[in-house]
Amino acid sequence: MRKLIYVFSLLMLVGTIATSCREKKTAGEKIQDGVEEVGDGIGDAVDNTVDKVDDAVEE
């Protein structure tokens, strides 16, 4: 019975340590990531448009 309590306590300790080590983003970091994703999407759209215009001009 004693070993079971020790094992359970150890598992709880490891679980607590593992979940507390996660990095948490602030609201500002989340907003910045969103803005960067939108910027990347706009850049990709511009590149695709330029490619299509070049293809149309070559034909």
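Values in this document were obtained by computation on a predicted structure and should not be read as measured data.

**Section: the overall build of the chain**
Per the secondary structure count, the chain includes two helices and zero strands. For the chain, the C-alpha atoms occupy an extent of roughly 80 × 25 × 10 Å along the three principal directions. Each of the 59 residues in the chain was classed as buried or not, and the buried ones make up 0%. When the accessible surface of the chain is split by element, carbon and sulfur atoms take 62% of a total near 5800 Å². Both charge centroids of the chain, one from 7 positive and one from 13 negative side chains, sit 31 Å from each other.

**Quick look at the environment of Phe8**
Inspection of the secondary structure assignment puts Phe8 in helix 1 (residues 2-20). Note on Phe8: relative accessible area 52%, which makes it exposed. Phe8 sits 29 residues away from Glu37 along the chain, and the two C-alpha atoms are 43 Å apart.

**Things to note about the pattern of salt bridges**
Taken as a whole, this structure holds one salt bridge when the rule is applied. For the salt bridge of Lys25 with Asp33, the shortest nitrogen-to-oxygen distance reads 2.5 Å. The exposure class of Asp33 is partly exposed, given its relative accessible area of 24%.

**Quick word on a nonpolar patch on the surface**
Together, Leu10, Leu13, Val14 and Ile17 make up a nonpolar patch on the protein surface, roughly 370 Å² of accessible area in all. Checked against the element boundaries, Val14 lands in helix 1. On the basis of relative accessible area, Val14 is assigned to the partly exposed category, the value being 48%.

Cut-offs used in this document
- Residues numbered from 1 in each chain as written.
- Predicted model: local features only at pLDDT ≥ 70, side-chain atom pairs only at ≥ 80, totals over all residues.
- Heavy atoms only, no water.
- Helix = DSSP H or I, 4+ residues; strand = E, 2+ residues; numbered from the N terminus.
- Buried < 20%, exposed > 50% of the residue type's maximum accessible area, 1.4 Å probe, protein only.
- Areas by Shrake-Rupley, 256 points an atom, 1.4 Å probe, with all protein chains shown as cover.
- Lys, Arg positive; Asp, Glu negative; His and termini not counted.
- Charge placed at Lys NZ, Arg CZ, Asp CG, Glu CD.
- Salt bridge = Lys/Arg side-chain N within 4 Å of Asp/Glu carboxyl O.
- Patch = residues over 30% accessible without salt bridge, like charges linked within 9 Å, V, L, I, M, F, W, Y side chains within 5 Å.

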